[in-house]
Amino acid sequence: MSRKNLNIGLFGFGVVGLGLYEVLQKTPALKANITNICVKDKNKDRAISADNFTFDKDDILNDPNINVVVELIDDADAAFEIVSAALKKGKAVVSANKKMVAEHFTELLQLQKEYNVPLLYEAAACASMPIIRNLEEYYDNDLLESIEGIVNGSTNYILTKTFAENLSYEQALKQAQDLGFAESNPILDTGGFDAKYKLLILLAHAFGYIAKPEDLFNIGINNIGDLELKYAKEKGLKIKLVAQAYKGTDGTLSAFVIPKFVTPDDRLYHVDDVFNGMITKTSFADTHFFVGRGAGSYPTASAVLSDISALSYDYRYEYKKIYREENLKLTDDVELKVLLRHKKEDSEALKLKFNTVEEAYTNHDSGYLTGNITLSNLKELEAGNTGGHSFILISVLSEKDATTPAFAIA
Ligand SMILES: NC(=O)c1ccc[n+]([C@@H]2O[C@H](COP(=O)([O-])OP(=O)(O)OC[C@H]3O[C@@H](n4cnc5c(N)ncnc54)[C@H](OP(=O)(O)O)[C@@H]3O)[C@@H](O)[C@H]2O)c1
């Protein structure tokens, strides 16, 4: 099969856009040329000459010679406008924008169908780690039992630095931003929203389930305090922000993003810095483990490049699992073993929400307790959280085969 010639209209020339431009210069075998680049700021100095750029999106969208739009901008609303207009004009699209894909998943699916054009977004989930196409192509729905992983490079970088170099949360966040790993708006990363958008995309390709962002529960790393860090360090654990989904045998699916204590025998323990890692569990193959750089200019550009290459062979997602209509139901009826750090005076009221309490400790102003709680009770407590408490997952109890076993609390 011969490759198609691709004339690319590129939106965005930031960390990833510039990375893609450079990576494309080094891959001449791919017959793909950037014809025009649309950016926003007329006063910015650019790494290449000004005649490569336009500030009018229609210069790309209305150009009949451009057959591929690559959308690499940092504004999800503007990105949706651009991507939907491009699909309506019959142009294939590659995007790295997880927020845009997650917020408009159903509309984007419909547009691809109606205008018979592909939209690929491998870089939107786990950047360079090739997970979407693997979930889409390799795993058959009924074989895949769970996915569990670190899907956000910047929070993993921050947590790694906090543990390994004893940096404060603020110092580590600043480093991640300076290196181009963190989004312009850090709460998207640190609040677990970016991880949730990625989980939403992964759910569609892993289990054929289309969630809305508000359906999926997320806790980020922004409330993690010294007590939890000290607790982890004393027990030889690390804290990782983990996105996970389990398919029950009764047609249910549980999916959430929560910081988790991981033990040294967990493969995710060794996924540090800006790397992402994902464990897939299947009925017959046991587990697979994917790992790769989850952010950064060239690594992210490499996933975009892979999508561009796939388009040159007319690849598209078939969304087989979605169209199979298995009608999975999202459930909060899951029991989790957690550590809850809280203000001293809240201790007794919080205990009432737990099914069992294993360990409870308080000092003069704060304390923690460990025990089992349902996801629905945890959600209720978190909804009223004004920063006074934080949850760290120890293990998922309802899933008999959860990929990481609980560790013993001394
Ligand atoms: N950075 C990473 O490691 C990484 C990893 C995975 C996925 N992503 C995703 O990749 C995308 C790009 O991220 P980035 O880190 O490259 O962002 P960035 O460095 O902040 O660059 C954003 C670019 O978008 C342009 N832009 C913004 N609004 C625009 C508009 N309305 N029309 C045209 N251009 C517009 C900006 O133009 P100006 O240059 O004129 O300001 C800039 O060139 C985002 O969706 C992000 O979530 C990033």
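Residues numbered from 1 in each chain as written. Predicted model: local features only at pLDDT ≥ 70, side-chain atom pairs only at ≥ 80, totals over all residues. Heavy atoms only, no water.

Identification of the protein as Homoserine dehydrogenase from Flavobacterium subsaxonicum WB 4.1-42 = DSM 21790 is taken from an unreviewed UniProt entry. In its Sequence similarities (unreviewed entry) section, the UniProt record describing the protein reads: "Belongs to the homoserine dehydrogenase family." (UniProt positions renumbered as here; feature names shortened; annotations may be inferred.)

**Student:** In this structure, what is going on with the site of the ligand? I would like to understand it.
**Tutor:** Close to the ligand lie 24 residues, the nearest being V16, D41, K44, R46 and G296. R46 places a polar side-chain atom, nitrogen or oxygen, 2.7 Å from an oxygen atom of the ligand. At 3.5 Å from an oxygen atom of the ligand is found a side-chain nitrogen or oxygen belonging to N97. Notes on the ligand: free accessible area 900 Å², of which the protein chains cover 87%. Class assignment of the residues belonging to the shell around the ligand gives a composition of eleven nonpolar, six polar and seven charged. (Near = heavy atom within 4 Å. Polar contact = N/O pair within 3.5 Å; in protein donor to acceptor, adjacent residues only side chain to side chain. Areas by Shrake-Rupley, 256 points an atom, 1.4 Å probe, with all protein chains shown as cover. Nonpolar A, V, L, I, M, F, W, Y, C, P; charged D, E, K, R; others polar.)

**Student:** Explain unusual backbone geometry to me, please; I cannot follow it from the model alone.
**Tutor:** Most peptide bonds take the trans configuration, and most residues that are not glycine carry a negative phi. In this structure, D314 takes a positive phi of about 65° despite not being glycine. Within the secondary structure, D314 is located in the loop between helix 12 (297-312) and helix 13 (320-323). The exposure class assigned to D314 is partly exposed, which follows from its relative accessible area of 47%. We note that Y319 has phi near 55°; this positive angle belongs to a residue other than glycine. With respect to the helices and strands, the residue Y319 is situated in the loop between helix 12 and helix 13. Take Y319: its relative accessible area is 4%, and that puts it in the buried class. (Helix = DSSP H or I, 4+ residues; strand = E, 2+ residues; numbered from the N terminus. Buried < 20%, exposed > 50% of the residue type's maximum accessible area, 1.4 Å probe, protein only.)

**Student:** Even after reading the chapter, I still don't get the UniProt feature "domain: Aspartate/homoserine dehydrogenase NAD-binding" (unreviewed entry) in the protein, so can you show me in this structure?
**Tutor:** As annotated by UniProt and renumbered to match this structure, "domain: Aspartate/homoserine dehydrogenase NAD-binding" (unreviewed entry) occupies residues 12-122. End C-alpha to end C-alpha, residues 12-122 measures 17 Å, and it is 41% helix and 17% strand.

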